[in-house]
Amino acid sequence: GSVVATFVASGIFFAEGFVGGGVIWLLFALVSCCYAYMVWSRIPFAAATLKTGLGAVRTNLGLMTVAVGSLFRATTTSLGSICFGSLIVAIVNAMRAMIEQARYSDESIIICIADCLMGIIEAIVEYFNRWAFIYVGLYGYSFMEAGSNVMTLFKARGWTMIITDDLVSNVLTFMAFSIGAVTGGIGMVAYKINPNWFEGNDGDGDGDDTGIMWVIFVLGLIIGFAFASIMLNVVQSAVDTTIVCFAEAPLDLQKNHLHHFEDLNSTWQSLYPTLWTGGDGGATRGGRGGGGDEEEGGGR
């Protein structure tokens, strides 16, 4: 979908005479093609994790509303871990802001390099938080203990490449953008049906209302994208939790949800046949080991 969308955008710009924009979107389209070629073999496993995550959400539709259970946990037993993880990100953000401010008075190459490095560190910290908070939510660990355990688990499994795979995130972002575009389109249709619904419009319909139409579309796009992102973040969290739980307790998944286990295990084996497969007995809590200690975690 993203490949097709970028080619369509390029064609529209060329058709309208905006050669520069057409060339830029054409480059985006070519990059999208290269990206699709590189990740094509990983799509089945990403699809399996997304399917499993969606299955969990469908059986717990209350997650899509205000989850008062989750709110109580986040403001009591897990509050310290959440605040500490957020504090780390805040410190990195503050340091980066200070560097960016320094660039106004000194645009030397050293400042630019420092800004770039801080941006990388910021991304790493945020990504680390993403997986650590899953362990905080699952077991109530402290932030540092959760981060250490989940990274030890992935390393023991040989799964360090999995946590850099953003295929599902890309899908959900594209879906949120599509919902936003549909929302903007609905706004434009509503304007055509009755311009008087929009405050400040004269309602005569005789003038050139192209500008108003585009404003309505952009506002609808932003609103739709924002609300869709909030809802789809629940799905992203479910997918991330699926990956962690599949790495830690595969036999529990096999015992309780055989269909999802078979999807995940078969796609994983076809993608990484030399790494761990789901039939070796799983891991103990916190990624501290390999085989045969599944009785402790039965039914999680």
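Note that the coordinates shown come from a computational prediction; the quantities given were computed from them, not determined experimentally. (Residues numbered from 1 in each chain as written. Predicted model: local features only at pLDDT ≥ 70, side-chain atom pairs only at ≥ 80, totals over all residues. Heavy atoms only, no water.)

Visitor: Any chance you could break down the overall build of the protein for me, citing the residues and the numbers?
Guide: Within the protein one finds eleven helices and zero strands. Mapped in sequence order, the helices and strands of the protein form the string α-α-α-α-α-α-α-α-α-α-α. When each of the 300 residues of the protein is scored for burial, the buried share is 34%. Pairs at least 24 residues apart make up 67% of the contacts formed inside the protein by residues separated by at least 6 positions. Of the roughly 17400 Å² of accessible surface on the protein, a fraction of 69% belongs to carbon and sulfur atoms. (Helix = DSSP H or I, 4+ residues; strand = E, 2+ residues; numbered from the N terminus. Buried < 20%, exposed > 50% of the residue type's maximum accessible area, 1.4 Å probe, protein only. Contact = heavy atoms within 4.5 Å. Areas by Shrake-Rupley, 256 points an atom, 1.4 Å probe, with all protein chains shown as cover.)

Visitor: Lay out helix H9 (residues 210-248) with the relevant residues and their values.
Guide: Helix length check: H9 (39 residues) gives 55 Å between terminal C-alpha atoms against 57 Å at 1.5 Å per residue, within 8%. The axis of H9 is deflected most strongly, by about 30°, at Met 231. (Expected span 1.5 Å × (residues − 1). Bend = angle between axes of the 7 residues up to and from the residue.)

Visitor: Before we move on, can you summarise the packing of helix H8 (residues 167-193) against H9 with the specific residues and values?
Guide: Closest axis-to-axis distance for the H8/H9 pair is 6 Å, and the angle between their directions is 145°. For the crossing formed where H8 meets H9, the hand is right-handed. Here the residues of the contact of H8 with H9 are counted per class, giving 19 nonpolar, eleven polar and one charged. (Axes fitted to C-alpha atoms, helices over the stretch in contact; angles between N-to-C directions. Left-handed = near helix turned anticlockwise from the far one by under 90°. Nonpolar A, V, L, I, M, F, W, Y, C, P; charged D, E, K, R; others polar.)

Visitor: How would you explain the UniProt feature "transmembrane region" (unreviewed entry) in the protein if you had to name every residue and give the values?
Guide: Under the local residue numbering, the UniProt record ascribes the feature "transmembrane region" (unreviewed entry) to residues 12-40, 78-96, 108-125, 131-155, 167-191 and 211-232. In residues 131-155, helix accounts for 88% and strand for 0%; the two terminal C-alpha atoms are 13 Å from one another. (UniProt positions renumbered as here; feature names shortened; annotations may be inferred.)

Visitor: Can you explain the nonpolar core? Please cite residues and give values.
Guide: Inside soluble globular proteins, nonpolar side chains tend to come together where they are buried. In terms of nonpolar packing, the biggest core is built from 24 residues, with Trp 131, Tyr 135, Phe 154 and Val 244 touching the most fellow members. If you list the elements that add at least two residues to this core, you get helix H3 (43-58), helix H6 (109-139), helix H7 (143-157), H8 and H9. The dominant element in this core, judged by the number of residues it contributes, is H9, at seven residues. Residues Phe 45, Phe 246, Leu 253 and Leu 271 belong to the second largest nonpolar core, which totals nine residues. (Core = buried A, V, L, I, M, F, W, Y, C linked by side-chain atoms within 4.5 Å.)

Visitor: How would you summarise the pattern of salt bridges if you had to cite specific residues and measurements?
Guide: Counted by the stated rule, this structure contains one salt bridge. A salt bridge links Lys 51 to Asp 263; its shortest N-O distance comes to 3.4 Å. Note that Lys 51 is positioned in helix H3 and Asp 263 in helix H11 (residues 258-271), a separation of 212 residues in sequence. (Salt bridge = Lys/Arg side-chain N within 4 Å of Asp/Glu carboxyl O.)

Visitor: Tell me about the side chain of Thr 242, and name the residues and values.
Guide: Along the chain, the position of Thr 242 falls in helix H9. Assessed through its relative accessible area of 11%, Thr 242 is described here as buried. Apart from the residues lying within four places of it in its own chain, the contact partners of Thr 242 are Thr 49, Thr 52, Gly 53 and Leu 264.

Visitor: Could you give an account of the packing of H3 against H9, naming the residues involved and the relevant values?
Guide: One way to put it is that H3 packs onto H9 with a least axis distance of 8 Å and a crossing angle of 110°. Taken together, the axes of H3 and H9 are roughly perpendicular relative to one another. The handedness of the crossing between H3 and H9 is right-handed. Only Val 234, Val 235, Ala 238, Val 239, Thr 242, Ile 243 and Phe 246 of H9 make contact with H3, whose side of the interface consists of Phe 45, Thr 49, Leu 50, Thr 52, Gly 53, Leu 54 and Val 57. (Parallel < 35°, antiparallel > 145°, perpendicular 65-115°, else oblique.)

Visitor: Now, about the environment of His 259: what can you tell me, with residues and values included?
Guide: You can see His 259 is positioned in helix H11. C-alpha separation for the pair His 259 and Thr 52, spaced 207 residues apart in sequence, amounts to 9.3 Å. Only 3.3 Å separates the side chain of His 259 from the side chain of Lys 51, close enough to count as a polar contact. (Polar contact = N/O pair within 3.5 Å; in protein donor to acceptor, adjacent residues only side chain to side chain.)

Visitor: Break down the layout of surface pockets for me, with residues and values.
Guide: Where empty space is left can be seen by rolling a probe of water-molecule size over the atoms. If you add up the space inside the second largest pocket, you get close to 760 Å³. As for the second largest pocket, its lining consists of 25 residues, of which Gly 1, Ser 2, Val 3, Asn 170 and Phe 174 are closest to the centre. The element contributing the most residues to the lining of the second largest pocket is H8, with eight residues. Of the residues assigned to the lining of the second largest pocket, the class counts are 19 nonpolar, six polar and no charged. (1 Å grid on protein atoms, 1.4 Å probe; cavity = no way out; pocket = protein on both sides within 12 Å on 5 of 7 lines; lining within 4 Å. Points joined across faces, edges and corners; volume = space filled by probe spheres on them.)

Visitor: Let's hear about the environment of Ile 223: which residues, and what values?
Guide: Relative to the assigned elements, Ile 223 resides in helix H9. In this structure the C-alpha to C-alpha distance between Ile 223 and Gly 184, which are 39 residues apart in sequence, comes to 8.4 Å.

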